[in-house]
Amino acid sequence: MANEFLKKVNAQINGAIIISDEKLMEPYLIDWRENFRGRARAILTPTDTQMVSTIMRIADEEKQIIVPQGGNTGLVGGGIPDQTGESIVLSLKKMNSIIDFSPKNRTITVQAGCILQHIHDVVENENLYFPLSLAAKGSCTIGGNLATNAGGLNVLRYGSMREQCLGLEIVLADGTILNELMPLLKNNTGYDLKNLFIGSEGTLGIITGACLKLVSKPSTRATSIAVTDKFEHALVLLDRLQHHSGDQVESFEIMPKTLLDIIYKQFPDISQPIKPETGFILFIEISSSKFDDLRSNKIGQSSLQNIMEYFLETALNDNLISNAVVASNAKQREAFWTIRENAPLATKRESWPVNTDISVRRDKLAQFYYHASVEVAKICKNSRICGYGHIGDGNLHFNVVESEDGDPNWKDKRQSILTAIYSSLEEFGGSISAEHGIGQLKTDQLIETKNPTYYRMMTLIKNNFDPKNILNPNRIIK
Ligand SMILES: Cc1cc2nc3c(=O)[nH]c(=O)nc-3n(C[C@H](O)[C@H](O)[C@H](O)COP(=O)(O)OP(=O)(O)OC[C@H]3O[C@@H](n4cnc5c(N)ncnc54)[C@H](O)[C@@H]3O)c2cc1C
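Residues numbered from 1 in each chain as written. Predicted model: local features only at pLDDT ≥ 70, side-chain atom pairs only at ≥ 80, totals over all residues.

**Let's talk about the overall build of the chain**
- Scanning the chain for helices and strands turns up 18 helices and 18 strands.
- The proportion of buried residues among the 478 residues of the chain is 48%.
- Taking contacts inside the chain between residues at least 6 apart in sequence as the whole, the part at least 24 apart equals 75%. (Helix = DSSP H or I, 4+ residues; strand = E, 2+ residues; numbered from the N terminus. Buried ≥ 20, exposed ≤ 12 C-beta atoms within 10 Å, placed from the backbone. Contact = placed C-beta atoms within 7 Å.)

Next comes the structure, spelled out in structure tokens:
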């Protein structure tokens, strides 16, 4: 163990938290999309905050670069070290305990390495609900969710990760522990530092714990898939349903038929409740924990199901949709969401897609979609536009998949396609990252697109919290 940093960790903590075997390190050094591959001196797997603090104190002494990592499901390379092989990956995965769960206070306090799905399971047992939900929920961690300010399927109703967090425990770059794990709904005591760390992607401090707020678990849901010809109809429908349901829309997702075909092709065993000829499909869910909404009519339908059926019926009459299916039980609902959740993996299997994570104001989303589609077609006529996602939040993963017959020049066209999408985005005043963050993927783009004063302020914050630039350097700030 020639490295001074590792020698000190070994002596002051425990050699058992150090992984340096090449084979064992591998899964920590490549991202989910396999776009980033890094090298590292070692992976450290501490089990408590004190260990993280000691690691950071030694890192500060030895000027050792630390790359924090949670579940490694991030999509912008933020948790993958660079190629030099000099970084240390600090994996929070083993810090996965529940510190305090108070159903009466409607809060849960957890270590940062807790898996999102685990939190769902624990609180739902007590009839409570932690709303953040994304396809990676079985692997991503609360620390990673906070560090990226994750979004997902329910932002429309509950907000993103930032809105779910009441307090954080942070280990700063020099090892100081900042504990603000207060389960208080109201706490106006000066600057709200936690909001600096949320979305900072491991560049300002290590999140070691979090206090999260909980809401009532929905006791009834109505879920449907509908087919619409035009993107703009989806937006009309969303607005209509938000009014009709009294803002009980939990998810409203769009997906073009092109992408649905790819999912059916890549996952031939999943259920295929709908097979449209053209257009887009919508995944629609309303939910409620209200007693009134549970009440059934004569044929045993909850009032939410009535709302959903009335909504779909009027949409059909108004030619806003051409077809729809309503889930008649929990199993069917799950089958609908399985289709949606398989979208990222299906495109990854199909080809090497061009991926984006953009947002524009909701009322301009359809125009953006068509504008960007035309621009992409100018470069690559037969490529498949797979722009899907959370339209309620104005957030689309406007992704492009190679033509079905293959394109020998696909590799060369990818950059031009990306440029075309981002030029369209600029015209519509959108954001280059709605929910995935900047990581190492979009640092240059951030410099190009962010207001220079805003960027300078961010640099000042980074320099203040991490003067030796040892925390995830060259992520967000370059
Ligand atoms: C199939 C799939 C679907 C997805 N869907 C969505 C979606 O709908 N919405 C969405 O927002 N994202 C989505 N993602 C992206 C990803 O799941 C989220 O970004 C998630 O929040 C990352 O959590 P993680 O624990 O895996 O973090 P990692 O990937 O390990 O790390 C992400 C970033 O956070 C930093 N970090 C991690 N833990 C800590 C910590 N404890 N302290 C400080 N910094 C830390 C890392 O350095 C890195 O910069 C999806 C990913 C996949 C693979």
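**Comments concerning the packing of helix α9 (residues 231-244) against helix α15 (residues 365-379)**
- Here α9 crosses α15 at 165 degrees, and the two axes come no closer than 8 Å. Classified by the angle their axes make, α9 and α15 are roughly antiparallel. Of the two elements, α9 crosses α15, and the hand of that crossing is right-handed. The residues of α15 that touch α9, namely those facing F231, E232 and L235, are L365, A366 and Y369.
- Class assignment for the residues of the contact of α9 with α15 results in 5 nonpolar, no polar and 1 charged. (Axes fitted to C-alpha atoms, helices over the stretch in contact; angles between N-to-C directions. Parallel < 35°, antiparallel > 145°, perpendicular 65-115°, else oblique. Left-handed = near helix turned anticlockwise from the far one by under 90°. Nonpolar A, V, L, I, M, F, W, Y, C, P; charged D, E, K, R; others polar.)

**A closer look at the domain arrangement of the chain**
- Once the domains are mapped, the chain shows domain 1 (4-91), domain 2 (98-216), domain 3 (220-343) and domain 4 (351-427).
- Here the C-alpha centroids of domain 1 and domain 3 sit 43 Å apart. (Domains from an automatic or database assignment.)

**Here's the deal with the nonpolar core**
- Counting 62 residues, the largest nonpolar core has A226 and L282 as its most contacted members.
- When residues of this core are assigned to domains, at least three map to each of domain 3 (220-343) and domain 4 (351-427).
- In terms of nonpolar packing, the next biggest core, distinct from the first, is built from 61 residues, F36, V123, A173 and I198 among them. (Core = buried A, V, L, I, M, F, W, Y, C linked by C-beta atoms within 7 Å.)

**Description of helix α10 (residues 257-266)**
- Residues L259, L260, I262 and I263 constitute the buried set of α10. Along α10, the residues classed as buried sweep out an arc of 160 degrees about the axis, all on the same side.
- Buried residues along α10 sit in contact with β13 (249-256), β14 (280-288), α13 (330-341), α14 (343-350), β17 (384-388) and β18 (395-401). (Arc of directions from axis to C-beta.)

**Thoughts on the sheet that holds strand β16 (residues 358-359)**
- In space, the 3 strands of this open sheet follow the order β16-β18-β17, with antiparallel pairing throughout. Among the strands making up the open sheet, the edge pair consists of β16 and β17.
- Pairing geometry for β17 and β18, over 5 bridges, is antiparallel. Bridged to I385 within β18 is V400.
- Contacting β17 and β18, α10 crosses the sheet at an angle of about 95 degrees to β17. (Pairing = 2+ DSSP bridges.)

**Describing the site of the ligand**
- Around the ligand lies a shell of 37 residues, among which G70, G74, G78, G143 and G144 are the nearest.
- Sorting the residues of the shell around the ligand by element identifies β3 (66-69), α5 (142-147) and β10 (206-213) as the ones contributing at least two each.
- In terms of residue count, α5 provides more of the shell around the ligand than any other element does, 4 residues in total.
- Residue composition of the shell around the ligand, by class: 15 nonpolar, 19 polar and 3 charged.
- Here the shell around the ligand gathers at least three residues from each of two domains, domain 1 (4-91) and domain 2 (98-216). (Near = placed C-beta within 6 Å.)

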